[in-house]
Amino acid sequence: MLQLLQPGPKLNLGVAVEFAWCLHYIICSQVNNALLITHGALSTLGLLLLDLAGAVQRTEDAGLELLACPVLRCLSNLLTEAAVEAVGEQMQLRDERVVAALFILLQFFLQKQPSLLPEGLWLLNNLTANSPSFCTSLLSLDLIEPLLRLLSVSNVVSVLVLTVVCNVAEKGPAYCQRLWPGPLLPSLLDTLVFSDTEVVGQSLELLQLLFLYQPGAVQAFLQQSGLQALQRHEEVAQLQDRVRALQQTARHG
């Protein structure tokens, strides 16, 4: 099955789609995912991801998204099994190439198949959750701003975008400094207008990390009427504690 998913001129799209879905169901069954990783599943899927990113740049041919979806799901699920430090080695790819390919696919989905955006963002979340190197790639390739532009797509997409940026911010002061100043704070203040508690909750978590690690974030938040933006969520049961904690930090440092 992995042999039939090897990218190259002999790859048959229809066959690859069927076997990619088969692989997805096998991975979800969790029979022996460690064995799949040992047999090079991450490497094969990673190379296929790069191949797909190249293909969407070369052609308008419909159907590539049919393969992209199961490939993204397979990678996302396998990454939850693989040891974080082994991911880059197992995929046999530089972090920058994987992240760049993923963003090419996200732009393709945005234009052609927005319903697949969460699939790509979930993979990006799994790549960055415990890996400083993938977070560094995201920053080095200047992809935070394009990522934030996806906040307007839907609530589901917004939560995933904010989760990925939280993954970066969680890595500490050096990472938060590279997120700053830029469009991040204005984007977060815009999300505080949302009524969706999950989106707002993720924004609050990201603000808390910025307050913790980035000198100047509190002052900028106050100057841009951040406290007023928080007020609309003071009575929301799921958000009250986080809102009060942020208000306390903003007022008293």
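The preceding data block contains the structure.
Just so you know, these numbers come straight off a predicted model, no measurement behind them.

### Details of the overall build of the protein chain
- Check the secondary structure of the protein chain and you find 16 helices and zero strands.
- Computed over the C-alpha atoms, the radius of gyration of the protein chain is 20 Å, within 12% of the 18 Å expected from 2.2 N^0.38 for a compact globule of 253 residues.
- Its C-alpha atoms give the protein chain principal-axis dimensions of roughly 60 × 35 × 30 Å.
- Residues counted as buried form 52% of the 253 residues belonging to the protein chain.
- Within the structure as shown, the protein chain displays about 11,800 Å² of accessible surface, and the carbon and sulfur contribution to it stands at 51%.
- Charged side chains of the protein chain number 13 positive and 21 negative; the gap between the two group centres comes to 4 Å.

### Section: the pattern of salt bridges
- Throughout the structure, instances matching the rule amount to two salt bridges.
- Between E119 and R73 there is a salt bridge; the shortest N-O distance is 2.8 Å. One end of the pair, E119, is in helix α7 (residues 117-128); the other, R73, is in helix α4 (residues 64-79), and 46 residues separate them in sequence.
- The class of E119 is buried, set by a relative accessible area of 16%.
- Given a relative accessible area of 29%, R73 falls into the partly exposed group.
- Put simply, R149 and E145 hold a salt bridge, and the shortest N to O gap is 3.9 Å.
- Classification of R149 as exposed rests on a relative accessible area of 55%.
- A residue is classified by how much of its surface remains accessible, and E145, at 43% relative accessible area, is partly exposed.

### Focus: unusual backbone geometry
- Cis geometry is found at the peptide bond from W180 to P181, where omega equals -5°.
- Turning to its location among the elements, P181 is positioned in the loop between α11 (173-178) and α12 (184-191).
- At D142, a position not held by glycine, the phi torsion is positive, near 55°.
- Among the structural elements, D142 can be located in the loop between α8 (132-140) and α9 (144-148).

### What about the packing of helix α6 (residues 95-112) against α7?
- At a minimum axis distance of 9 Å, the contact between α6 and α7 shows a crossing angle of 160°. Judged by the angle between their axes, α6 and α7 are roughly antiparallel. For the element pair α6 and α7, the recorded crossing hand is left-handed. Of α7, the residues touching α6 (which contributes V98, L102, F103, L106, F109 and L110) are L117, G120, L121, L123, L124 and L127.
- For the contact of α6 with α7, a count of residues per class yields 11 nonpolar, one polar and no charged.

### Focus on the nonpolar core
- Grouped together as the largest cluster of nonpolar side chains are 92 residues, with contacts concentrated most on L138, L147 and F221.
- Discounting residues that sit within four places of it in the chain, F221 has contacts with L185, L189, L207, F211, G226, L227, L230 and A250.

### With respect to helix α3 (residues 41-58)
- For α3, spanning 18 residues, the distance from its first C-alpha to its last is 26 Å, which sits close to the expected 26 Å at 1.5 Å a residue.
- Burial analysis of α3 places 14 of its 18 residues in the buried class, the great majority of the element.

### As for the environment of N125
- Residue placement: N125 occurs in helix α7.
- Look at N125 and you get buried, because its relative accessible area is 7%.
- Aside from chain neighbours lying at most four places away, what touches N125 is T163, V164 and N167.
- A distance of 3.3 Å separates polar atoms of two side chains, one belonging to N125 and the other to N126.

Cut-off values and rules
- Residues numbered from 1 in each chain as written.
- Predicted model: local features only at pLDDT ≥ 70, side-chain atom pairs only at ≥ 80, totals over all residues.
- Heavy atoms only, no water.
- Helix = DSSP H or I, 4+ residues; strand = E, 2+ residues; numbered from the N terminus.
- Rg over C-alpha atoms; globule rule 2.2 N^0.38 Å.
- Buried < 20%, exposed > 50% of the residue type's maximum accessible area, 1.4 Å probe, protein only.
- Areas by Shrake-Rupley, 256 points an atom, 1.4 Å probe, with all protein chains shown as cover.
- Lys, Arg positive; Asp, Glu negative; His and termini not counted.
- Charge placed at Lys NZ, Arg CZ, Asp CG, Glu CD.
- Salt bridge = Lys/Arg side-chain N within 4 Å of Asp/Glu carboxyl O.
- Axes fitted to C-alpha atoms, helices over the stretch in contact; angles between N-to-C directions.
- Parallel < 35°, antiparallel > 145°, perpendicular 65-115°, else oblique.
- Left-handed = near helix turned anticlockwise from the far one by under 90°.
- Contact = heavy atoms within 4.5 Å.
- Nonpolar A, V, L, I, M, F, W, Y, C, P; charged D, E, K, R; others polar.
- Core = buried A, V, L, I, M, F, W, Y, C linked by side-chain atoms within 4.5 Å.
- Expected span 1.5 Å × (residues − 1).
- Polar contact = N/O pair within 3.5 Å; in protein donor to acceptor, adjacent residues only side chain to side chain.

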